[in-house]
Amino acid sequence: MPLKAAIVPVTPFQQNCTLLWDEETKIGAVVDPGGDLDRIEAGIRKIGMTPEKILLTHGHLDHAGGAAELKEKLAGIPIEGPHQADKFLLDGLAAQGLAMGVPDMRNVTPDRWLAEGDKVSAAGATFSVLHCPGHSPGSVVLVNAAQRFALVGDVLFQGSIGRTDFPYGNHDSLITAIKTKLLPLGDDLVFICGHGPMSTIGEERQTNPFIQ
Ligand SMILES: [Zn+2]
Ligand SMILES: [Zn+2]
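These remarks concern the structure in this document. Predicted, not measured: the structure shown is a model, and the values here were computed from it.

### Some details on the sheet that holds strand β1 (residues 3-10)
In step 1: The strand order β1-β2-β3-β4-β5 describes an open sheet built from five strands, whose pairing is mixed. Each edge of the open sheet is held by one strand with a lone partner, namely β1 and β5 (79-80).
In step 2: Sheet topology note: the strand β2 (residues 15-22)/strand β3 (residues 27-31) ladder contains four bridges and is antiparallel. When the sheet's bridge partners are listed, L20 is paired in β3 with A29.

### Describing the packing of aromatic side chains
In this description, an aromatic ring pair is defined by two values, namely the gap between the centres and the angle between the planes.
In step 1: For the structure shown, the criterion picks out three aromatic pairs.
In step 2: Measuring from centroid to centroid gives 5.2 Å for F88 and Y168, while their planes differ by 75°, and the two rings are edge-to-face. Of this pair, F88 sits in helix α4 (residues 87-90) while Y168 sits in the loop between β11 (160-161) and α6 (171-182), and the two are 80 residues apart along the sequence.
In step 3: For F88, a relative accessible area of 42% puts it in the partly exposed group.
In step 4: Judged by its relative accessible area of 24%, Y168 is partly exposed.
In step 5: Judged by centre distance (5.2 Å) and plane angle (5°), the ring pair of F166 and Y168 falls under stacked.
In step 6: What links up through ring pairs into an aromatic cluster is the set F88, F166 and Y168.

Here is what the cut-offs are and how they apply
Residues numbered from 1 in each chain as written. Chains lettered and ligands numbered in written order. Predicted model: local features only at pLDDT ≥ 70, side-chain atom pairs only at ≥ 80, totals over all residues. Heavy atoms only, no water. Pairing = 2+ DSSP bridges. Helix = DSSP H or I, 4+ residues; strand = E, 2+ residues; numbered from the N terminus. Phe/Tyr/Trp six-rings, centres within 6.5 Å; stacked < 30°, edge-to-face > 60°. Buried < 20%, exposed > 50% of the residue type's maximum accessible area, 1.4 Å probe, protein only.

What follows is the structure in structure tokens.
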């Protein structure tokens, strides 16, 4: 499998910033750089990858709070995602960071918003975009069907699902998105989520209490 991935936990929320790279060319992407850029940059150096893109699954500060600064440090590489419905979150990152005791968070405007059915090229692979609102209105899941791999952000976790108790959260939408868009991807599909260990669609279909 030419596509490789490594997780760098960042921020006090232990968010899984994910480094993706092509094994042969070492061209890569950084997914959800919420903060702790020194750790992310150390990971990039250790792998020896050349980041060409930043991807955001949704607009929460632990996922997107470091994106603007990382873009600057990486010579302005483009930021793609999330869906435009999370613009209000990205516009409020600095204020939210201050309120949560995590300074250094910056507002960010992506170079490209993503919508259902869009294709994203990253790390030598092509990902399909699924718009999966509920945890946040603009949450997206990125799927590489050929290599049986997905990045699901905070939509689905091992044994759990994203929280929906924010004013803009919607539990029913989240469950519908998981059942109609993620479960049909197939039991063998491996995914990295925003927090905690990796899992597979099959494991969650069989054991996750929220989607039985
Ligand atoms: Zn979140
Ligand atoms: Zn999160």
